[in-house]
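Fold and geometry: a report
Okay, here's what each chain looks like letter by letter:
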Amino acid sequence: MNVAFLGMGRMGREMARHVIEAGHQLTIWNRTPGRARELVAAGAREAASVRDAVAGADAVVLMLFDDASARQVLGDVVAGAPARTLVINTTTIAPATGRDLGRVAATAGLRYVEAPVVGTIGPARDATLRVLVGASEQDAAAAEELLSRFGTTRHVGGVGAATALKAVVNLGLALATGALGEALRLGSDLGVDRDLLRSELAGGALGFILNYKQSMLADNDFQPATFTLDGLIKDLRIATGSARRPLPMATTTLALATEASDAGHGKEDFASLAAYYTAT
Ligand SMILES: NC(=O)c1ccc[n+]([C@@H]2O[C@H](COP(=O)([O-])OP(=O)(O)OC[C@H]3O[C@@H](n4cnc5c(N)ncnc54)[C@H](OP(=O)(O)O)[C@@H]3O)[C@@H](O)[C@H]2O)c1
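Residues numbered from 1 in each chain as written. Predicted model: local features only at pLDDT ≥ 70, side-chain atom pairs only at ≥ 80, totals over all residues. Heavy atoms only, no water.

Some details on the domain arrangement of the chain
Keep this limit in mind: Domain borders in the structure are assigned automatically or taken from a domain database. Between two residues, a contact is recorded if the distance between any of their heavy atoms is within 4.5 Å. Each of two parts loses accessible area, computed with a 1.4 Å probe, when they are put together; buried area is these two losses added. We call two N or O atoms a polar contact when they sit within 3.5 Å, provided that within protein one can donate a hydrogen and the other can accept it, with sequence-adjacent residues counted only if both atoms are side-chain atoms. Gly counts as polar in this scheme, as do all residues outside two lists: the nonpolar Ala, Val, Leu, Ile, Met, Phe, Trp, Tyr, Cys and Pro, and the charged Asp, Glu, Lys and Arg.
Each assigned domain of the chain is listed here: domain 1 (2–158) and domain 2 (164–279). Taken over C-alpha atoms, the centre of domain 1 sits 28 Å from the centre of domain 2. Each partner contributes residues to the interface: domain 1 has 15 residues there, and domain 2 has 14 residues. Between domain 1 and domain 2, a total of about 1,200 Å² is buried, with carbon and sulfur atoms accounting for 69% of that surface. Our count for the domain 1 to domain 2 interface comes out at 4 residue pairs in polar contact (both at pLDDT 80 or more). Split into classes, the residues belonging to the side of domain 1 that touches domain 2 amount to 10 nonpolar, 2 polar and 3 charged.

This is how it looks when you write it as structure tokens:
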């Protein structure tokens, strides 16, 4: 199969490698060229434009940052891809945007599958992501060969269903990170020993996020980022912008995360939110 992979960010670079390893012809494209030299060395062709990348593609995978970048790049895919090309959008975007992009692709005669992923760089590297699939039965089946290279797939409904589930999952991640920051702040105010505090919290309700980010928090060093604070802010905006009813905890966490980003932490790992909360 000829596969075009668009977006060579943290996640895209890792995921695209599995496409080559599966024996497919891989063409890559990234807004900033030259970000995936290791893939070119492994046999991928780097295209100079989206249109060039998708011209002879059977399938196109998008792994971009947000709604705006996915919409922009899909516009070029639609202009350049052959009819019936399978477009697989793995970007975390709002469900309403996902449904709209699905309509744009369908109107252009392309097949559209949304496949946001749960997991981070390590799982992307090890092909152990949880891949949430939103598409028709037929399109999900057509995408299975490629998507299963990234991890375990789960077909959860039509276009919009997987982005909806992903929005909920990442709301949980954001709230847990904010909650950890607040618990650490209270512990600090009450003069609880830091090591004691961490070891007790690790066994409690906030244990997942504390254990996950233990070493970054202990060193107070949030580089290199696996998932940036600005990425988490993007997902909090997806949550608050998609909800029918108010999400007060999300709104508060978003305000704090935005403050932390404005203070210069946006490109750091999202765990810096917990540290910012504790320190301020
Ligand atoms: N990192 C994680 O742990 C993780 C886990 C699950 C899901 N996700 C989701 O996966 C997606 C990618 O995350 P990531 O961490 O890989 O982000 P990233 O490292 O910041 O990569 C973002 C990619 O999008 C491209 N991009 C941004 N704006 C663009 C635009 N206007 N036009 C064209 N390309 C544009 C960037 O190109 P440049 O190189 O030119 O900037 C880069 O290739 C996000 O939706 C994120 O929420 C991330």
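Picking up where we left off.
Topic: a nonpolar patch on the surface
Under the convention used in this document: Candidates for patches are residues over 30% relative accessible area with no salt bridge; among them, like charges are joined within 9 Å and nonpolar side chains (Val, Leu, Ile, Met, Phe, Trp, Tyr) within 5 Å. For the area figures, the Shrake-Rupley method with a 1.4 Å probe applies, and any residue is considered shielded solely by the protein chains shown. By convention in these notes, a salt bridge is any Lys or Arg side-chain nitrogen within 4 Å of a carboxyl oxygen on Asp or Glu. Secondary structure is summarised from DSSP: a helix means a run of H or I of at least four residues, a strand means a run of E of at least two, and numbering begins at the N terminus for each.
Together, Leu186, Leu190, Val192 and Leu196 line one region of the surface with nonpolar side chains, adding up to about 380 Å² of accessible area. Here leucine 186 is to be found in helix α8 (residues 161–189).

What about the UniProt feature "domain: 6-phosphogluconate dehydrogenase NADP-binding" (unreviewed entry) in the chain?
For clarity, the threshold we go by: UniProt positions are given in the numbering used here, feature names are shortened, and annotations may be inferred rather than shown by experiment.
The positions UniProt marks with the feature "domain: 6-phosphogluconate dehydrogenase NADP-binding" (unreviewed entry) are residues 2–154. Taken end to end, residues 2–154 has its terminal C-alpha atoms 24 Å apart, with 43% of it in helix and 24% in strand.

A word on the pattern of salt bridges
In plain terms, the rule: Only protein chains enter the calculation, and the probe is 1.4 Å; a residue is then buried if its accessible area is under 20% of its type maximum, exposed if over 50%, and partly exposed in between.
Scanning all chains against the criterion turns up 10 salt bridges. A salt bridge links lysine 213 to aspartate 269, with the shortest nitrogen-to-oxygen separation between them at 3.1 Å. Of this pair, lysine 213 sits in the loop between α10 (207–212) and α11 (214–219) while aspartate 269 sits in the loop between α13 (248–265) and α14 (272–279), placing them 56 residues apart in sequence. Here the two residues lysine 213 and aspartate 269 agree in accessibility, since each one is buried.

What about the UniProt feature "active site" (unreviewed entry) in the chain?
In the numbering adopted here, UniProt assigns the feature "active site" (unreviewed entry) to Lys166. Its location among the elements puts lysine 166 in helix α8. We classify lysine 166 as buried; its relative accessible area is 6%. Once residues lying within four places of it in the same chain are set aside, the contact partners of lysine 166 are Thr92, Pro116, Val117, Val118 and Leu132.

Notes on the pairing of strand β4 (residues 59–62)
Rule in force here: One requirement defines pairing of two strands: DSSP has to find at least two bridges between them. Here the term right-handed applies to a crossover when the path leading from its first strand over the helix to its second strand runs clockwise, the strands being oriented away from the viewer.
Alternating residues of β4 divide into Ala59 and Val61 and Val60 and Leu62, and every residue in both groups is buried. Sheet analysis places strand β1 (residues 2–6) next to β4, joined by 4 bridges and oriented parallel. Pairing of alanine 4 across the sheet is with valine 60, part of β4. Read from β4 through helix α4 (residues 67–80) to strand β5 (residues 86–89), the crossover connection turns out right-handed.

Concerning the packing of α8 against α14
Relative placement of two packed helices is described by the angle separating their axes and the distance separating the axes. What counts is decided by this rule: Only the contacting stretch of a helix is used when fitting its axis, a line to C-alpha atoms as for every element, and angles between N-to-C directions run 0 to 180 degrees. In this scheme, roughly parallel covers angles under 35 degrees and roughly antiparallel covers those over 145, while 65 to 115 is roughly perpendicular and the rest are oblique. The crossing is said to be left-handed when, going from far helix to near helix, the turn is anticlockwise and less than a right angle, and right-handed when the turn is clockwise.
Two numbers describe how α8 lies on α14: the axes approach to 7 Å, and their chain directions differ by 30 degrees. It follows that α8 is roughly parallel to α14 by the angle criterion. Judged by the sense of rotation from one axis to the other, the crossing of α8 with α14 is right-handed. Of the residues in α14, those in contact with Ala174, Thr177, Gly178, Leu180, Gly181, Glu182, Leu184 and Arg185 of α8 are Leu273, Ala274, Tyr277 and Thr278. Split into classes, the residues belonging to the contact of α8 with α14 amount to 6 nonpolar, 4 polar and 2 charged.

Overview of the site of the ligand
Note the threshold: Neighbouring residues are identified by heavy atoms, a residue being near a molecule or strand if any of them is within 4 Å of it.
Taken together, 26 residues are adjacent to the ligand, and Asn30, Thr32, Arg35, Thr120 and Lys234 come closest. Contacts to the ligand include glycine 9, whose backbone N or O atom sits 3.2 Å from an oxygen atom. The separation between an oxygen atom of the ligand and a polar main-chain atom of phenylalanine 65 is 2.8 Å. Its free accessible area being 900 Å², the ligand has 87% of it covered by the protein chains. Residue assignment for the shell around the ligand shows that the elements contributing at least two residues are α1 (10–21), α4 and α12 (229–242). By residue number, the principal contributor to the shell around the ligand is α4, which donates 3 residues. Within the shell around the ligand, the residues separate by chemical class into 9 nonpolar, 11 polar and 6 charged.

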